[in-house]
Amino acid sequence: MKIGAVVIDCNDFETVSRFWQEALRYVPREEPEDGWVVLCDPDAPNVNVSVNRVPEARAGKSRLHLDLYTADPAGEVERLFALGATLHPRTREPDEDFVVLADPEGNLFCVVDTRPRH
């Protein structure tokens, strides 16, 4: 068994699916249909991310989030801000190697610095 996709529920399908497509540089596997799309990495066999429109609003903090790895965390965070991400309000610890952001509907994710630490 393996993970085929991580599914992100949302209310505003167009905004959230566009955000994640651009954030991950993924492409739709097929044309979106009735508030559902599977986004896949066009260059590598990474896990798919699906976006699913649901009628109910998100309630509380999700118990699952994505960790996005990069060797350019500052550049990627700025790029994600331009796409509509926001900084999640929390107090950072001095030695953290990640930043917590939220997508346009408040779904949390982390941008993790993969550069070697000394």
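Scroll up a little and you will see the structure.
Structure report, in brief. All values reported here derive from a predicted model rather than from experimental measurement.

Section: the pattern of salt bridges
- What the rule picks out here adds up to seven salt bridges.
- Glu14 serves as the salt-bridge partner of Arg53, at 4.0 Å between the closest nitrogen and oxygen. Placement of the pair is Arg53 in strand β4 (residues 48-53) and Glu14 in helix α1 (residues 13-24), with a sequence separation of 39 residues.
- On the basis of relative accessibility, which here comes to 38%, the residue Arg53 falls in the partly exposed class.
- Residue classification places Glu14 among the partly exposed positions, given a relative accessible area of 44%.
- One salt bridge connects Arg90 with Glu96, and the closest N-O pair in it is separated by 2.7 Å.
- Glu96 sits in the buried class, given a relative accessible area of 16%.

Rules used in this analysis
- Throughout, a residue's number is its position along its own chain's written sequence, starting from 1.
- Per-residue local features are limited, in this predicted model, to residues with pLDDT of at least 70; the limit for side-chain atom pairs, both in listing and counting, is 80 or more; totals at the level of whole chains, interfaces and linings are taken over all residues.
- For the side-chain quantities, the full set of heavy atoms in the structure was used; hydrogens and water were omitted.
- By definition, a salt bridge exists where a carboxyl oxygen of Asp or Glu is found within 4 Å of a side-chain nitrogen of Lys or Arg.
- Runs of E in the DSSP output that reach at least two residues are strands. Runs of H or I that reach at least four are helices, and both are numbered from the N terminus.
- Partly exposed describes any residue whose relative accessible area lies between the buried limit of under 20% and the exposed limit of over 50%, with all areas from a 1.4 Å probe on protein chains only and scaled to the type maximum.

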